[in-house]
Amino acid sequence: MKGFLFIHNYYHSISFVQTHQSMEFIKVTEQKEPFVALVELNRPKELNALNRQLMVELLEALQALDKNEQVRAIVLTGNEQAFAAGADIKQMADQSAIDMLMVDQFSTWDMIRKTKKPIVAAVSGFALGGGCELSMMCDTIIASETAKFGQPEIKIGTIPGAGGTQRLTKAVGKAKAMELILTGRFLSAQEALFYGLVCKVVPVEVYLQEALTLAKEIAQMSPIAVQLAKEAINRSFETQLDEGLAFERKNFYLTFASADQKEGMKAFVEKRKPHYTGK
Ligand code: HXC
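Definitions and limits used
- Residues numbered from 1 in each chain as written.
- Predicted model: local features only at pLDDT ≥ 70, side-chain atom pairs only at ≥ 80, totals over all residues.
- Heavy atoms only, no water.
- Helix = DSSP H or I, 4+ residues; strand = E, 2+ residues; numbered from the N terminus.
- Buried < 20%, exposed > 50% of the residue type's maximum accessible area, 1.4 Å probe, protein only.
- Contact = heavy atoms within 4.5 Å.
- Areas by Shrake-Rupley, 256 points an atom, 1.4 Å probe, with all protein chains shown as cover.
- Lys, Arg positive; Asp, Glu negative; His and termini not counted.
- Charge placed at Lys NZ, Arg CZ, Asp CG, Glu CD.
- Polar contact = N/O pair within 3.5 Å; in protein donor to acceptor, adjacent residues only side chain to side chain.
- Disulfide = S-S within 2.5 Å.
- Pairing = 2+ DSSP bridges.
- Axes fitted to C-alpha atoms, helices over the stretch in contact; angles between N-to-C directions.
- 1 Å grid on protein atoms, 1.4 Å probe; cavity = no way out; pocket = protein on both sides within 12 Å on 5 of 7 lines; lining within 4 Å.
- Points joined across faces, edges and corners; volume = space filled by probe spheres on them.
- Nonpolar A, V, L, I, M, F, W, Y, C, P; charged D, E, K, R; others polar.
- Near = heavy atom within 4 Å.

Enquirer: Would you explain the overall build of the protein chain in this entry?
Expert: For the protein chain, the helix and strand inventory stands at twelve helices and ten strands. For the C-alpha atoms alone, the extent of the protein chain along its principal axes is close to 55 × 45 × 35 Å. Residues classed as buried in the protein chain amount to 48% of the 279 residues present. Taking contacts inside the protein chain between residues at least 6 apart in sequence as the whole, the part at least 24 apart equals 73%. In the form shown here, the protein chain has an accessible surface area of approximately 13800 Å², with 59% of it arising from carbon and sulfur atoms. Charged side chains in the protein chain number 32 positive and 32 negative. The centres of these two groups are separated by 3 Å.

Written as C-alpha cells, this is what we have:
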C-alpha cells in the first residue's frame, strides 16, 4: 500500500508538471547566447537538493530543448554556492528498499541521459552525491575555483545510486574513486582538473560565462556532427556502463534494507553524528 502511494504521488507529480507549464525548481532561458539555452537548478535554500519533482521538471525542460531547433547546446548550472548537494535526503530517509524500487526515480535519470544535444555543466560550490552524478551525466564540466565534487553517500549509510561508482571511476581512475567513495571526501576543483573530471577551472566570477562561451562555440558547429560525435564518445564505454549502472542500482536499493541507512539519513536530518551498527 505504501509502495502504491509513492508510485501514485510520483506519477501525480509528472502529470502536474506536464499540465502546468510553469516550473518550480528549474529556470530555463533560451538564447542566452546564440543557439544556447541556460537551464538553472533553482532550489537555493536546500543547496539545490534534487527532489523528485525537480528531476521531473529537469527532464521536461531538456526534452523540450532537445526538440527546439533554435537550441544547439545547453548549459546546466546551479548557483555559486551549490550546483547540487545531492538527492533529497529528507525525501529518501524513511523509504524501504522496495519503496525505492517501486518509485523508480532512475527512469527519469535514464531519460535525462538520452538528451541528444550537448550539455555543458557549469559547477560552482557543492556538487555532491546525485549532484556530482548529474554533473558527470553532462557532456563536459566547467568548474569554478570553489567547486567541490564528492560522493559522500557512505557517510549517511548508503552508496551512489545514479552512476557515481561507474562514472567517477571512469573519470578519475580506481584508486582515487575508491578513496572518494569509501570516505566521502571532497575533490577540489584543481584536483578535479588534475584527474580529468572537469575540462577547465576558472575564477568564480566567470565560470558561468566560460560555460556559455564553450556552449556557444559548440553551437557554431554542425548540429548533426555534434550529435553524432557526442553519441560516439558516449558509446566508448556505454555497454559496460549499462551493466555497471544496473549493478550499482541494485546495491543502492539494498542499502535501504539496512538499519545503517535509516540511522545515517535520520542523523543528517536531525543534524547529529550517525552511530552505525553494521545491521
Ligand atoms: C536534503 C539538504 C541536502 C540534501 C543540504 N540540504 N543537502 N536537504 N538533501 N542532499 C539542506 C540542509 O538540510 C539545510 O536545510 C540546507 O540544505 C543547507 O544545508 P546545511 O547543511 O545547513 O549547509 P552547510 O552546513 O553549509 O553544509 C553543506 C553540505 C551539507 C556539506 C553540502 O548540507 C551536506 O552534507 N549535505 C548532504 C550531502 C550529501 O550527503 N549528499 C548525498 C545525498 S544522497 P535545513 O532546512 O535543514 O536547514 C544522494 C544519493 C544519490 O545523492 C542517489 C541517486 C538519486
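Here the narrative resumes, following the displayed structure.
Enquirer: Where do I start with the environment of Leu193 in this structure?
Expert: Inspection of the secondary structure puts Leu193 in helix H9 (residues 189-195). Sequence separation between Leu193 and Ile141 is 52 residues; the distance between their C-alpha atoms is 9.7 Å.

Enquirer: How do you make sense of the side chain of Asn48 when you look at a structure like this?
Expert: One can find Asn48 in the loop between strand E2 (36-41) and helix H2 (52-67). Asn48 sits in the buried class, given a relative accessible area of 0%. Within the local environment of Asn48, its side chain forms a polar contact with the backbone oxygen of Phe83, the two atoms lying 3.1 Å apart. When near neighbours in sequence (up to four residues on either side) are disregarded, Asn48 contacts Leu41, Asn42, Arg43, Gly78, Asn79, Ala82, Phe83, Ala84, Ala85 and Gly86.

Enquirer: Would you take a moment to explain the state of the cysteines for this structure?
Expert: Simply put, disulfide is the name for a covalent bond between the sulfur atoms of two cysteines. Evaluation of the coordinates by the stated rule reveals zero disulfides. Looking at the unpaired Cys132, the closest cysteine sulfur is the one in Cys138, lying at 11 Å.

Enquirer: Which parts of the structure should I look at to understand the sheet that holds strand E9 (residues 186-188)?
Expert: As a general point, the strands of a sheet are linked pairwise by backbone hydrogen bonds and lie either parallel or antiparallel. Strands sit in the order E4-E6-E8-E9 across an open sheet of four strands; the sheet is mixed. Because the sheet does not close on itself, it has two edges, and the strands there are strand E4 (82-84) and E9. Here the average twist between neighbouring strands, direction ignored, is 20°. Strand direction decides the pairing type here: strand E6 (residues 126-128) and strand E8 (residues 148-150), joined by three bridges, are parallel. Paired with Ala127 across the strands is Phe149, a residue of E8. Across the sheet, helix H6 (residues 130-137) touches E4, E6 and E8, and the angle it forms with E6 is around 90°.

Enquirer: Where do I start with empty space enclosed by the protein in this structure?
Expert: Left-over empty space is what a probe sized like a water molecule reveals as it rolls over the atoms. Taken as a whole and judged by the stated rule, the model has three cavities of 30 Å³ or more. Each pocket or cavity is described by its volume, and for the largest cavity that value is around 100 Å³. Forming the boundary of the largest cavity are 13 residues, of which Leu50, Asn51, Arg52, Gln91 and Gln105 lie nearest the centre. Looking at the lining of the largest cavity, the elements with two or more residues in it are H2, helix H3 (89-92) and helix H5 (106-113). Here the lining of the largest cavity takes three residues from H2, the largest share from any one element. Broken down by class, the residue content of the lining of the largest cavity amounts to seven nonpolar, four polar and two charged. Size it by volume and the second largest cavity reaches roughly 60 Å³.

Enquirer: Looking at this structure, I do not really get the site of the ligand. What am I missing?
Expert: The environment of the ligand is formed by 27 residues, the closest being Ala87, Ile89, Gln105, Gly130 and Lys271. Between an oxygen atom of the ligand and a main-chain N or O atom of Gly130, the distance comes to 2.8 Å. Side-chain polar atom of Lys271 to an oxygen atom of the ligand: 3.0 Å apart, as the coordinates give it. Isolated, the ligand exposes 1000 Å² of accessible area, and the fraction of that covered by the protein chains is 73%. If you list the elements that add at least two residues to the shell around the ligand, you get H3, H5, E6 and H6. Top contributing element to the shell around the ligand by residue count: H3, with three residues. Within the shell around the ligand, the residues separate by chemical class into 15 nonpolar, five polar and seven charged.

Enquirer: Before we go on, may I ask you to explain the sheet that holds strand E5 (residues 119-123) in this structure?
Expert: Pairing is mixed across the open sheet formed by six strands, whose spatial order is E1-E2-E3-E5-E7-E10. Two strands bound the open sheet, and with one partner strand each, they are strand E1 (26-33) and strand E10 (200-202). Ignoring strand direction, the axes of neighbouring strands in this sheet form an average angle of 20°. Pairing analysis gives four bridges linking E5 to strand E7 (residues 140-144), with the strands arranged parallel.

Limitation: the analysis is restricted to geometry and does not speak to function.
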